[in-house]
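These are the residues of each chain, in order.
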Amino acid sequence: MADDLFASAGLETTAPRPLADRLRPRQLSEVVGQEHLTGPDGILTRMIESHSLGSLIFWGPPGTGKTTVARLLAHSTDLDFEQVSAIFTGVADLKKVFEAARGRRALGRGTLLFVDEIHRFNRAQQDSFLPVMEDGTVTLVGATTENPSFELNAALLSRARVLTFRALDEEAIDRLLGRAEELEGRPLPLDTDARAVLVRMADGDGRAALTLAEEAWRAARPGEVFDGAKLQEIVQRRAPIYDKSEDGHYNLISALHKSVRGSDPDAALYWLARMIDAGENPLFLARRLVRMASEDIGNADPQALVVANAAKDTYDFLGSPEGELALAQAAVYLATAPKSNAVYTAWKQALRVAKEGGSLVPPKHILNAPTKLMRQEGYGSGYDYDHDAPDAFSGQNYFPDKLGRQHFYEPVERGFEREIRKRLDYWARLRAERQQR
């Protein structure tokens, strides 16, 4: 209502509006960076052409056009546009929205309900959408920056199609800046290097790119042109897109872990730096490096665990920024170490057998017998003290009698595990010989 009043009073064109709002696309073909959805053969284009729009979930980073596209869909399909944010909306508010949508439906009008940050609704709140989606009261378009598979109810996902919005690439950001220059009627006060810096600062966020451009125009004196260093000084540095508790966090730690596993020290350093730069807790990174040392290197280089633990202790002692170098040293060591997941694999197998086998008792010959009764029951009977055996190896059975001998650990032919393999093969031969006697 307020928007209509301002428009009718002729104030819409004189009231100050951010550049991003003034450049908001008026039709789907003007949306940049999402051609896989909005291009001539894009799924959204096809939906509009067929005049059939089902419920949708828009998944993607900030500033990629999710809200704008939802508005354009409503306009193109003659649906009333209703927008709510999960941050500010409760169950009572949703009931009012649903009632209004039912009233429109009774008059023959449909409603596109756009829910921003839909992942912030709890499970019960998400379930409240199901009846109005099923009976056609609303066409739901939810927007989320988080992985819908983890954050949204399966029932909700089964009734909506998930469409992925991509971070804007450099070409898309540059096209946005070109449109801004055309709208303003003047070039950005940036040299070629500074323009590239601004594009990188935007971090795939179109809204952020236009905000940075606006700041550059405000700061420039007549005839002044900024280089890259001056631009960074003027607009400051935009915080990296990174949520320490959600997708950004898990995506980057996954990239770090896989870079270490893939023996790429340069990539490992890059992802470690990205996370440190974004404000990740360095002790979380230290704990993950310790985990990598056990999971991906293991006994191929037993020193890896020592180095990772030492890096954790060093950071604990020095803090930032001095202690961060120890984490970088550990990341490089782990990435360049020989790799083996033999212990990791063996441990998983052992856990499985332990859970499936139940509470099997150890064989009596390896049990201690501190009392006469226990000795009478055969505890400790027949135990061979390995240090008294030839080669300090008795070859006895240490598994429960009902389970029988199991084989979990299979060393690889890399690093120190090559030596372990030789020992195990040697002991296996001795065991076979001595069990035949």
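### Some thoughts on the sheet that holds strand E3 (residues 111–116)
Consideration 1: Spatially, five strands are ordered E2-E3-E4-E1-E5 in an open sheet, and the strand pairing comes out parallel. At either margin of the open sheet sits one strand with a lone partner, and together these are strand E2 (80–85) and strand E5 (161–164). Here the average twist between neighbouring strands, direction ignored, is 20°.
Consideration 2: Across six bridges, E2 lies against E3 in parallel orientation.

### Quick word on a nonpolar patch on the surface
Consideration 1: A cluster of nonpolar side chains, Tyr383, Tyr385 and Tyr398, forms an exposed patch at the surface whose accessible area comes to about 340 Å².
Consideration 2: Inspection of the secondary structure puts tyrosine 385 in the loop between helix H21 (372–376) and helix H22 (417–435).

### Regarding the nonpolar core
Consideration 1: Core analysis: the largest hydrophobic core is formed by 29 residues, its most contacted members being Leu256, Leu272, Leu285, Leu289, Leu327 and Leu334.
Consideration 2: When residues of this core are assigned to their parent elements, the largest contribution, eight residues, is made by helix H17 (residues 282–297).
Consideration 3: When neighbours within four sequence positions are excluded, leucine 334 is seen to be in contact with Val260, Leu289, Met292, Ala293, Ile297, Ala304 and Lys339.
Consideration 4: Within the second largest apolar cluster, 26 residues are counted, among which are Ala180, Val199, Ala213 and Leu231.

### Some thoughts on the pairing of strand E1 (residues 56–59)
Consideration 1: With four bridges connecting them, E1 and strand E4 (residues 139–144) associate as parallel partners. In the strand pairing of E4, tryptophan 59 is matched with threonine 144.
Consideration 2: Across four bridges, the pairing between E1 and E5 is parallel. The residue bridging tryptophan 59 from the neighbouring strand is threonine 164, located in E5.

### Details of the side chain of glutamate 146
Consideration 1: Structurally, glutamate 146 can be placed in the loop between E4 and helix H9 (148–151).
Consideration 2: Comment: no salt bridge for buried glutamate 146; closest opposite-charge side chain is arginine 120, at 6.5 Å.

### Considerations on the packing of aromatic side chains
For any pair of aromatic rings, the description consists of the separation of the ring centres together with the inter-plane angle of the planes.
Consideration 1: For the structure on display, the rule yields seven aromatic pairs.
Consideration 2: Pairing phenylalanine 58 with phenylalanine 165 gives two aromatic rings, centres 4.7 Å apart and planes at 45°, and the pair type is tilted. One end of the pair, phenylalanine 58, is in strand E1; the other, phenylalanine 165, is in the loop between E5 and helix H11 (170–184), and 107 residues separate them in sequence. Residues phenylalanine 58 and phenylalanine 165 agree in their burial class; the two are buried.
Consideration 3: A centroid spacing of 5.8 Å and a plane angle of 75° characterise the contact between phenylalanine 98 and phenylalanine 129, whose relative ring orientation is edge-to-face. In this pair, phenylalanine 98 sits in helix H6 (residues 91–106) while phenylalanine 129 sits in helix H8 (residues 129–134), placing the two residues 31 residues apart along the sequence.
Consideration 4: The exposure class assigned to phenylalanine 98 is buried, which follows from its relative accessible area of 6%.

### Description of the confidence of the model for the protein chain
Consideration 1: Across the protein chain, the average pLDDT comes to 88, with 93% of residues at or above 70.
Consideration 2: Averaged over each element, pLDDT in the protein chain is lowest for helix H1 (residues 2–8) (42) and highest for helix H19 (residues 324–336) (96).
Consideration 3: Low pLDDT, under 50, characterises residues 1–11; the stretch is placed with three contacts to residues that sit more than four places away or in other chains.

### Some words on the packing of H11 against helix H12 (residues 192–202)
Consideration 1: Contact geometry of H11 with H12 gives a least axis separation of 10 Å together with a crossing angle of 115°. Considering their axes alone, H11 and H12 lie roughly perpendicular with respect to each other. Considering the relative orientation of H11 and H12, their crossing is right-handed. Within the contact between the two elements, H11 uses Glu170, Ile173, Asp174, Leu177, Gly178 and Glu181 and H12 uses Arg195, Leu198, Val199 and Ala202.
Consideration 2: Among the residues forming the contact of H11 with H12, the class breakdown is five nonpolar, one polar and four charged.

### With respect to the pattern of salt bridges
Consideration 1: Scanning the model with the defined rule gives 27 salt bridges in all.
Consideration 2: Its salt-bridge partner being arginine 218, residue glutamate 214 comes within 3.8 Å of it at the nearest N-O pair. Of the two residues, glutamate 214 and arginine 218 are both situated in helix H13 (residues 206–219); the distance of four residues between them amounts to about one turn of the helix.
Consideration 3: The exposure class of glutamate 214 is buried, given its relative accessible area of 14%.
Consideration 4: On the basis of relative accessible area, arginine 218 is assigned to the exposed category, the value being 60%.
Consideration 5: Between glutamate 233 and lysine 230 there is a salt bridge, and its shortest N-O distance comes to 3.4 Å. With glutamate 233 and lysine 230 both in helix H14 (residues 228–235) and three residues apart, this pair spans about one turn of that helix.

Reading the values: rules and limits
Residues numbered from 1 in each chain as written. Predicted model: local features only at pLDDT ≥ 70, side-chain atom pairs only at ≥ 80, totals over all residues. Heavy atoms only, no water. Pairing = 2+ DSSP bridges. Helix = DSSP H or I, 4+ residues; strand = E, 2+ residues; numbered from the N terminus. Axes fitted to C-alpha atoms, helices over the stretch in contact; angles between N-to-C directions. Patch = residues over 30% accessible without salt bridge, like charges linked within 9 Å, V, L, I, M, F, W, Y side chains within 5 Å. Areas by Shrake-Rupley, 256 points an atom, 1.4 Å probe, with all protein chains shown as cover. Salt bridge = Lys/Arg side-chain N within 4 Å of Asp/Glu carboxyl O. Core = buried A, V, L, I, M, F, W, Y, C linked by side-chain atoms within 4.5 Å. Buried < 20%, exposed > 50% of the residue type's maximum accessible area, 1.4 Å probe, protein only. Contact = heavy atoms within 4.5 Å. Lys, Arg positive; Asp, Glu negative; His and termini not counted. Phe/Tyr/Trp six-rings, centres within 6.5 Å; stacked < 30°, edge-to-face > 60°. pLDDT = per-residue confidence, 0-100. Parallel < 35°, antiparallel > 145°, perpendicular 65-115°, else oblique. Left-handed = near helix turned anticlockwise from the far one by under 90°. Nonpolar A, V, L, I, M, F, W, Y, C, P; charged D, E, K, R; others polar.

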